[in-house]
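# Understanding the architecture of this molecule
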Amino acid sequence: MKSFSVLVLLLSLITYVSGSVPDTPQQVVTKYNNYKTICTGLGYKNTQCNGGRTEGPIVFQSSYKGTLENIKTSQTMKFNQVTLNEGSAYSTTTGKFTAPVDGVYSFSWTTMSNTGKYFITEIVLNGIPMAYNYTDSRGLSAGYCMASSQANIKMKKGDEVWIRPYHNHGQNALCDDKGQWCNFSGFKL
């Protein structure tokens, strides 16, 4: 009972002292630095609120300008128009996204095919298929078919992700001369 009374007395004293006069900005800084020194001495490390990341966002948005026809099996689709590439992780030269840091990344891609045509694609991680997209206009007498897919992929720094035809099903994707119908984008979660 005696220890409980001492605890209540200490809490009452702290509440009374801390509530009596507001700290000046300099006092707040001094207290923060004192706490920081104590924590560092106990072995705690100072980290940023963003988990210690020093880089900015990692996000890209690309599209294909033109028409993709008779793409070979395992040929990388090089989305040749980039409107956003924060972190510079997507390359129009290779058509690949290279992870600059370890993490989980979210990707999506869209293709559109002409009447009577089809285009089946897959997203691959270092050459291993992770997800598929099936765009098929073969049953249409007029118009177009558009399909999108999405995949969340755990990557290590240096891993690569890209879009390619699924087997030999890269028959036709109509992307147009503005690059508005075939897209590939991604970002770090």
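Report follows, based on the coordinates.

Reading the values: rules and limits
- Residues numbered from 1 in each chain as written.
- Predicted model: local features only at pLDDT ≥ 70, side-chain atom pairs only at ≥ 80, totals over all residues.
- Heavy atoms only, no water.
- Salt bridge = Lys/Arg side-chain N within 4 Å of Asp/Glu carboxyl O.
- Buried < 20%, exposed > 50% of the residue type's maximum accessible area, 1.4 Å probe, protein only.
- Helix = DSSP H or I, 4+ residues; strand = E, 2+ residues; numbered from the N terminus.
- Polar contact = N/O pair within 3.5 Å; in protein donor to acceptor, adjacent residues only side chain to side chain.

Moving on to the pattern of salt bridges. Tallied over the full model, the rule gives three salt bridges. Among the ionic pairs, arginine 138 bridges to aspartate 136, the shortest N-O distance being 2.8 Å. The exposure class assigned to arginine 138 is partly exposed, which follows from its relative accessible area of 44%.

Moving on: the side chain of serine 113. Here serine 113 shows up in strand β5 (residues 103-113). In this structure the side chain of serine 113 is engaged in a polar contact, spanning 2.8 Å, whose partner is the side chain of serine 137.

Unlike most non-glycine residues, serine 88 shows phi in positive territory, near 50°. Within the secondary structure, serine 88 is located in the loop between β3 (81-86) and β4 (97-98). Phi angles above zero are rare outside glycine, and asparagine 126 is one such case at about 50°. Along the chain, asparagine 126 turns up in the loop between β6 (118-125) and β7 (128-136).

That's the geometry; what it means functionally is another story.
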